[in-house]
Amino acid sequence: MPQPAQPPAAAPMRLATVIRPYAWGSVTALPHLFGTEPTGRPQAELWMGAHPGDPSTVDGVPLDELIARDPEGTLGERSAARFGPVLPYLLKVLAIEHPLSLQVHPTTEQAAAGFADETARGVPLDAFDRNYKDASHKPEMVCAITAFHGLCGFREPTATADLLDLLGLAELQPWIDTLRAEEPGHALRAVFAEMLGEPARPVREQVERALLGSSRDDLAVYRELARACPGDAGVTAALLLHEVRLLPGEALYLGAGVPHAYLGGIGVEVMANSDNVLRCGLTGKHVDVPELMRIVDFTAADPFLVRPEEDAPGERHYRPPVPEFALTRYDLTGEDSHSLPGGLPQIVVCIEGETTLDGTLTLRPGQSAFVPAGAAATRLSGKGTAYRALPGS
């Protein structure tokens, strides 16, 4: 006698996804990675998740709608109780050809207050000058697929003073003196605000000219920004930040208030299910300097690299200090399999080769699946590379 079909929330589901064509994206990187035809337009971000801005779909039904129909079956009792009837994370693959905007993300409290204020004032969600798109914080982590390049977090002020000295501009001396003499947090706050202010435009123009005329290796990344974003205040502000280069498999975590900009490379990114971004520069989009000054964390600190833990051969687990998400990389040999536990909402994306879930749902590069909490432990097998997003511990 034939067995009844499994209910939708008890088995892995193939996702149909969207690639966003932001101008900073690469025309060729994702097509090359996934074996697809280029469209002639930039392909910047592959989105996998239930964010209302571009939810993935299952047989034409948006994932956020499927979750709303059965929160406990799709998310699990623990996740639904902690985060409500929403998938707590968003998974992306990024392909960066040109610099992203220099930006920060708010804390939960800042996001909730900012969203409520703008909503009460009747600012449309799609307004150019809207800062807060939702009431959530947006911590994020990027794991490099290729060599990955970015800026992240404030350098120690005295080290930045030494860097500014290399430009040989007398007009920078007040900032250099502040960075060397004042308490680090106060110094960074004062110089950052002045760098973004309109009165500093003539100084910023001189900084750009000096960068473009320099051949020093330690100024190379800022010289490239001056070429890519002429006249943008973010070029000068970027001089305050660490340069970060990730090798494949290395991961960078970004908490609330940490200024950052991605500059190049391909990576898997996982974040809280939010679209809250406050921009500092390197962009033609809205920059609200007074609001930025409330949100930016002016602590000088090294970039937060997340060291993977190898719980089993072929499994590298990245566990950042937030409850909304974690990430696992699987390097599959064709002779092994891995167990994905039940009771959790998980998304699996194939990056290279071929991945199979429970021997029935096969994923090729760029394809992904949602494993609902109602599914029993799922076997992951194949030959290639896959990533899995899930709630953090």
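The model shown is predicted, which means the values in this text are computed figures rather than measured ones.

Caption draft 1: Broad picture of the overall build of the chain. Regarding its fold elements, the chain presents 12 helices and 21 strands. For 393 residues, the compact-globule estimate of 2.2 N^0.38 gives 21 Å, and the C-alpha radius of gyration of the chain, at 22 Å, lies within 12% of that figure. Its C-alpha atoms give the chain principal-axis dimensions of roughly 85 × 50 × 40 Å. The buried share of the chain, reckoned over its 393 residues, is 55%. As presented, the chain carries roughly 16,800 Å² of accessible surface, and 53% of it is formed by carbon and sulfur atoms. The average position of the 32 basic charges and that of the 51 acidic charges among the side chains of the chain differ by 2 Å.

Caption draft 2: Here's a closer look at the nonpolar core. If you look at the biggest cluster of nonpolar residues, it comprises 49 residues, and the most contacted ones within it are Leu167, Leu172, Phe192 and Tyr222. Broken down by element, this core gets its largest block of residues, six residues, from helix H8 (residues 184-196). In contact with Phe192, not counting residues within four places along its chain, are Phe154, Ala237, Leu240, Cys280, Met293, Val296 and Phe298. In terms of nonpolar packing, the next biggest core, distinct from the first, is built from 39 residues, Leu15, Leu46, Val349 and Tyr387 among them.

Caption draft 3: Spatial organisation of helix H9 (residues 201-213). Between its first and last C-alpha atoms H9 spans 18 Å; for 13 residues at 1.5 Å apiece the expected length is 18 Å, and the two agree. Of all the positions in H9, only Val203, Arg204, Val207, Glu208, Ala210 and Leu211 are classed as buried. An end-on view of H9 places all buried positions within 165° of arc, on one side of the element. In this structure, H9 carries Arg209 and Gly213 as exposed residues pointing more than 90 degrees from its buried face. Contact partners of the buried residues in H9: helix H7 (173-181), H8, helix H10 (220-228) and helix H11 (233-237).

Caption draft 4: Quick peek at the pattern of salt bridges. Counted according to the given criterion, the structure contains 17 salt bridges. Three or more residues are tied together by salt bridges with common partners; here these are Asp162, Asp165 and Arg180.

Caption draft 5: Seen up close, the side chain of Glu315. Along the chain, Glu315 turns up in strand E16 (residues 315-318). Buried and without a salt bridge, Glu315 has Arg388 as its closest oppositely charged side chain, separated by 5.8 Å. Within the structure, the side chain of Glu315 is placed 2.8 Å from the side chain of His317, a separation counted as a polar contact. In contact with Glu315, not counting residues within four places along its chain, are Glu309, Glu310, Arg329, Tyr330 and His338.

Caption draft 6: Representation of the state of the cysteines within the structure. Scanning the model with the defined rule gives zero disulfides in all. Counting only cysteine sulfurs, Cys143 is the nearest neighbor of Cys350, a cysteine outside any disulfide, at a range of 15 Å.

Caption draft 7: Geometry of the pairing of strand E9 (residues 148-154). Extensive coverage of E9 is indicated by the burial of seven of its seven residues. In terms of strand pairing, E9 meets strand E12 (residues 260-272) through four bridges, oriented antiparallel. By the bridge assignment for E12, Cys152 is matched with His260.

Caption draft 8: Geometry of the environment of Ala373. Along the chain, Ala373 turns up in the loop between strand E20 (368-371) and strand E21 (378-390). Between the C-alpha atoms of Ala373 and Glu77, which are 296 residues apart in sequence, the distance is 8.5 Å.

The rules we used
- Residues numbered from 1 in each chain as written.
- Predicted model: local features only at pLDDT ≥ 70, side-chain atom pairs only at ≥ 80, totals over all residues.
- Heavy atoms only, no water.
- Helix = DSSP H or I, 4+ residues; strand = E, 2+ residues; numbered from the N terminus.
- Rg over C-alpha atoms; globule rule 2.2 N^0.38 Å.
- Buried < 20%, exposed > 50% of the residue type's maximum accessible area, 1.4 Å probe, protein only.
- Areas by Shrake-Rupley, 256 points an atom, 1.4 Å probe, with all protein chains shown as cover.
- Lys, Arg positive; Asp, Glu negative; His and termini not counted.
- Charge placed at Lys NZ, Arg CZ, Asp CG, Glu CD.
- Core = buried A, V, L, I, M, F, W, Y, C linked by side-chain atoms within 4.5 Å.
- Contact = heavy atoms within 4.5 Å.
- Expected span 1.5 Å × (residues − 1).
- Arc of directions from axis to C-beta.
- Salt bridge = Lys/Arg side-chain N within 4 Å of Asp/Glu carboxyl O.
- Polar contact = N/O pair within 3.5 Å; in protein donor to acceptor, adjacent residues only side chain to side chain.
- Disulfide = S-S within 2.5 Å.
- Pairing = 2+ DSSP bridges.

Everything listed here is a matter of coordinates, which is why it stays silent on function.
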